[in-house]
Amino acid sequence: YMLNSLNFSLGAVTVSIICSTLSAYVLARYDFPGREFFYMAILALLMIPGVLTLITAFVVTVNLNLNNTYWGVWLPLAAGAQAFQIIVLRTFFASLPAELFEAGRIDGAGELTMLLRIALPLAKPILSTLIVLQILNVWNEFIWPIMVLSDPERYPAILGILRLGQLVTQRDPGAMYAGYVISGIPLLLMFAFTSRSFIRGLTSGAIKM
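Because the structure is predicted, anything quoted here is derived from the model rather than measured.

## Observations concerning the packing of helix H6 (residues 98-106) against helix H7 (residues 111-122)
H7 packs onto H6 with a crossing angle of 145° between their chain directions and a minimal axis gap of 10 Å. By crossing handedness, the relation of H6 to H7 is classed as right-handed. On the side of H6, the interface is formed by Leu 100, Phe 101, Gly 104 and Arg 105, while H7 contributes Glu 111, Met 114, Ile 118, Ala 119 and Leu 122. Partitioning the contact of H6 with H7 into residue classes produces 6 nonpolar, 1 polar and 2 charged.

## Let's talk about the environment of Thr 194
Tracing the backbone through its elements, the reader meets Thr 194 in helix H11 (residues 174-203). Distance in space between the C-alpha atoms of Thr 194 and Pro 125 is 9.9 Å, their sequence separation being 69 residues.

## Remarks on the side chain of Ser 20
Structurally, Ser 20 is set in helix H1 (residues 2-29). The class of Ser 20 is buried, set by a relative accessible area of 0%. Among the polar contacts listed, one links the side chain of Ser 20 to the side chain of Gln 85, at a separation of 3.1 Å. Dropping the residues within four chain positions of it, Ser 20 is found in contact with Gln 82, Gln 85, Ile 86 and Leu 89.

Definitions and limits used
Residues numbered from 1 in each chain as written. Predicted model: local features only at pLDDT ≥ 70, side-chain atom pairs only at ≥ 80, totals over all residues. Heavy atoms only, no water. Axes fitted to C-alpha atoms, helices over the stretch in contact; angles between N-to-C directions. Helix = DSSP H or I, 4+ residues; strand = E, 2+ residues; numbered from the N terminus. Left-handed = near helix turned anticlockwise from the far one by under 90°. Contact = heavy atoms within 4.5 Å. Nonpolar A, V, L, I, M, F, W, Y, C, P; charged D, E, K, R; others polar. Buried < 20%, exposed > 50% of the residue type's maximum accessible area, 1.4 Å probe, protein only. Polar contact = N/O pair within 3.5 Å; in protein donor to acceptor, adjacent residues only side chain to side chain.

This is the structure:
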């Protein structure tokens, strides 16, 4: 169950960060018709509660034959974080001096090179903050895995604790409490090793709207 949670977290975070980074960079550094419209449309998505999209996401997942698969967990959880991540990263990329990118173009760098060599290194603090927040959300996600997964062997840790609770009695809740502690240890370790970057990302000014 712990390995499943790690798999879901790494997969969802990887897909989410890659997609949101590319989208935010385009919205921040390219001037094209409808750019502000798309940005405001993404901003409006923050006003839609995630619970309202559960049925639609489940129907799409089933129609794509992704239920009871890792992709069926990765893609919807990654999509749910796109609006917030794109807005934060777009604000950060737009605040970078244009002279940095002009110097890169003079040196012959392409757009992908400037993204990888200029924008992303400067965005490490805010990227680490978004990654920590996304891992925390995916690790503690309860509703979506229980909807889309039918094989108990693929359950994450949070659902493993639920199954454990069905095996113990009220007179012996120690096993269930131990499950809570064990499932929380990876999050504590993650925050212990990333707390400095996490706080730097929060205070860097990139999360101002």
